[in-house]
Amino acid sequence: MRKKSCYVIVFLGILCSYFSFARSADRGEIRSGETKTGFLSSPGFADSWNFYGGEGDRVIITAAEISGYVEPEIYLYPPDSGELEASAIGPNSGKRLDHQLQRTGLYTIVISDYYLDEEGDYGIALVKIPGAATSPTDPDGGLIASGDGKTGILTHQADTDIYQFYGKVGDHTVITAAEISGYVEPEIYLYPPDSGELEASATGPNSGKRLDHTLEKTGLYTILISDYYLDEEGEYGMSLTKIPPTLPPGIYNAYPSNGSAICNMNGSFSWDPVQEATGYDLYFGEDVIEPLEKVGDNLPSPRLPFPEMEPGRAYYWHVVAHTSDGDVQGPYLWFYVPENCVVINRVNPWRCEPRTIIRIIGENFGDTQGDSLVHIGRKTFDSSSPRIKLWTDTKIKVRVPKYKCKWFKGEDSRKVKVWVTVDGIDSNTKRLKVLKPAICP
Ligand SMILES: [Ca+2]
Ligand SMILES: [Ca+2]
Ligand SMILES: [Ca+2]
Ligand SMILES: [Ca+2]
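No experiment lies behind these values; they were computed from the predicted model shown. (Residues numbered from 1 in each chain as written. Chains lettered and ligands numbered in written order. Predicted model: local features only at pLDDT ≥ 70, side-chain atom pairs only at ≥ 80, totals over all residues.)

Asker: Hey, could you run me through the overall build of the chain in this one?
Answerer: In terms of helices and strands, the chain carries 1 helix and 36 strands. For the C-alpha atoms alone, the extent of the chain along its principal axes is close to 85 × 55 × 45 Å. Across the 441 residues in the chain, those meeting the buried criterion constitute 36%. Partitioning the intrachain contacts of the chain with sequence separation of at least 6 by distance along the chain shows that 70% fall at a separation of at least 24. (Helix = DSSP H or I, 4+ residues; strand = E, 2+ residues; numbered from the N terminus. Buried ≥ 20, exposed ≤ 12 C-beta atoms within 10 Å, placed from the backbone. Contact = placed C-beta atoms within 7 Å.)

Asker: Help me understand the sheet that holds strand β5 (residues 72-77) in this model?
Answerer: Here we have 5 strands laid out as an open sheet, ordered β1-β3-β8-β5-β6, and mixed in their pairing. At either end of the open sheet lies a strand with only one pairing partner, and these are β1 (26-29) and β6 (86-88). Ignoring which end each strand starts from, the neighbouring axes of this sheet average 15 degrees apart. (Pairing = 2+ DSSP bridges. Axes fitted to C-alpha atoms, helices over the stretch in contact; angles between N-to-C directions.)

Asker: Explanation requested: the environment of Thr 104 in the structure shown.
Answerer: Residue placement: Thr 104 occurs in the loop between β7 (94-100) and β8 (105-113). Overall, Thr 104 belongs to the partly exposed group, with 15 C-beta atoms counted inside 10 Å. A sequence separation of 78 residues divides Thr 104 from Asp 26, and the C-alpha atoms of the two residues are 21 Å apart. Aside from chain neighbours lying at most four places away, what touches Thr 104 is Gly 54 and Glu 55.

Asker: What should I look at first to understand the domain arrangement of the chain in this one?
Answerer: When the parts come together, some accessible area is lost, and that loss is often what is quoted as the size of the interface. The domain architecture assigned to the chain consists of domain 1 (23-127), domain 2 (140-248), domain 3 (260-337) and domain 4 (343-435). The centre of domain 2, based on its C-alpha atoms, is set 45 Å off from the matching centre of domain 4. (Domains from an automatic or database assignment.)

Asker: Explain the sheet that holds strand β13 (residues 172-179) to me, please; I cannot follow it from the model alone.
Answerer: Two strands in a sheet stick together by hydrogen bonds in their backbones, pointing the same way (parallel) or opposite ways (antiparallel). Strand order in the open sheet formed by 4 strands is β11-β18-β13-β16, and the pairing between neighbours is antiparallel. Each edge of the open sheet is held by one strand with a lone partner, namely β11 (149-154) and β16 (208-214). Strand-to-strand twist of the sheet, defined as the mean angle between neighbouring strand axes without regard to direction, takes the value 20 degrees. Here β13 pairs with β16 via 7 bridges, running antiparallel. Bridge assignment links Ala 178 to a residue of β16, and that residue is Gly 208.

Asker: Sorry if this is basic, but what is going on with the nonpolar core here?
Answerer: Across soluble globular proteins, you tend to see nonpolar side chains buried next to one another. Grouped together as the largest cluster of nonpolar side chains are 69 residues, with contacts concentrated most on Ala 63, Ile 124, Val 127 and Ile 223. If one sorts the elements of this core by residue count, strand β9 (residues 120-129) sits on top with 6 residues. Residues within four places of Ile 223 in sequence aside, it is in contact with Tyr 163, Ile 175, Ile 188 and Leu 190. Grouped together as the second largest cluster of nonpolar side chains are 21 residues, Phe 365, Val 374, Val 400 and Val 418 included. (Core = buried A, V, L, I, M, F, W, Y, C linked by C-beta atoms within 7 Å.)

Asker: Please explain the environment of Ser 257 as it appears in this structure.
Answerer: Residue placement: Ser 257 occurs in the loop between β18 (234-243) and β19 (260-261). On the neighbour-count criterion, Ser 257 (13 C-beta atoms within 10 Å) is partly exposed. Here the alpha-carbon distance between Ser 257 and Leu 333, two residues 76 residues apart in the chain, equals 7.2 Å.

Asker: I would appreciate a short explanation of the pairing of β13 in the present structure.
Answerer: Every other side chain in a regular strand lies on the same face of the sheet, so the side chains alternate between the two faces. Alternating positions in β13 separate cleanly, Thr 173, Ile 175, Ala 177 and Glu 179 being buried on one face and His 172, Val 174, Thr 176 and Ala 178 remaining unburied on the opposite face. In this structure, β13 lies alongside β18, joined through 8 bridges in antiparallel fashion. Looking across to β18, one finds that Glu 179 is bridged to Tyr 236.

Asker: How should unusual backbone geometry be read in this particular structure?
Answerer: For residues other than glycine, phi is negative in most cases, and the peptide bonds are mostly trans. Cis geometry is adopted by the peptide bond preceding Pro 43, which originates at Ser 42 and carries an omega value of 0 degrees. By the element assignment, Pro 43 lies in the loop between β2 (35-40) and β3 (46-53). For Tyr 229, which is not glycine, the phi torsion reads 75 degrees and is therefore positive. Relative to the elements of secondary structure, Tyr 229 occurs in the loop between β17 (219-227) and β18. Take Tyr 229: there are 17 C-beta atoms within 10 Å of it, and that puts it in the partly exposed class. Of note, Asn 364 is a non-glycine position whose phi angle comes to about 65 degrees, a positive value. Exposure remark for Asn 364: the 18 C-beta atoms within 10 Å place this residue in the partly exposed category.

Asker: Teacher, can you tell me more about the environment of Tyr 77 here?
Answerer: Looking at the secondary structure, you find Tyr 77 in strand β5. According to the C-beta neighbour criterion, Tyr 77 is partly exposed, with 19 such atoms within 10 Å. Here the alpha-carbon distance between Tyr 77 and Tyr 107, two residues 30 residues apart in the chain, equals 5.9 Å. If we skip the residues at most four places from it in the chain, Tyr 77 touches Gly 82, Leu 84, Glu 85, Tyr 107, Thr 108 and Val 110.

Structural data, given as structure tokens:
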């Protein structure tokens, strides 16, 4: 507990220092998959941003004018007051920095105007490989399967969207991207697994692009989509075709899924088993100013109960499967715990016969049922169900289903899970003991 409160103090300290610098244009944290904006103004014409990176990670940082003729330049500084490690400078309205990190720790991005003579708004986006593909500020991107088509929005001129797929050396891929609105000229950049250099791209000023490429490596590939010249915003469509379309080993069907809301604190991380995996490592954390922590070490099965989490926060996680052919890297995924979670405090009574009316007592159920659901074991009741007797923000009354005698399988009682789904978000679960009626043999 002491260790934890110590972390909280350190965290608050860092938070306070960010706020105290806010006027001098310290914009704070930027995560992989995030798209943000800043403003350059007299007299400094400079802003800074922070992210945590590891030696060997690849970063692609884009910055571009939104208004005011600013020509944002990108300067990247390593941890521990190191000297400039990389930069993208000059007079264009958009810049792109593609760089493999040389150190591990908290990196600083400084954005300043070329020639320090213009004020204006600019956009910035960070891509880290490996790293998260989407974020709360930009939901476009994530895992894509062969045959899938997606649409996304370049929300401002510097936006970069990240799509990922598992590929195998020798697989043939065709990736397309095209404008839907706003005169964007989407470019395609393909990065290999293991943070390697750009493997292929389709760039230039046309509104449609096509990348036809045979993969050189095996693992999790990353496709970046951004505007040619970083000077337009708008909607685009993209697609992936992989020949053959077979799914190489990977971390599939991960729960919580990317970008989801989680209120079920007694739930577990889970994913499909990887063939012939000997164990799984699971990394978890907030992925901004410190690395993810290994919370599961060589797990024998694809599952781990959630660690302690707090409301109003976003969390990142990542799985590595060990196999005799080497490690299989999972994507970096995030989810969030809403500030006002749907919580069941108790079910009353907690043991009863079928057809009894029970009360579910909790918080944030919503004032009316609407599209929300109540689950009792495998049965689900929507607002059209006559079993729902009352629905308020803190109390639900529902009649337990009529179970047949054979459902009890000769036992005196059976336990079922009770939970609610509000706005698509599952609550925690409580157990209900259903007693076998006296009339059953
Ligand atoms: Ca300038
Ligand atoms: Ca986007
Ligand atoms: Ca994006
Ligand atoms: Ca353009």
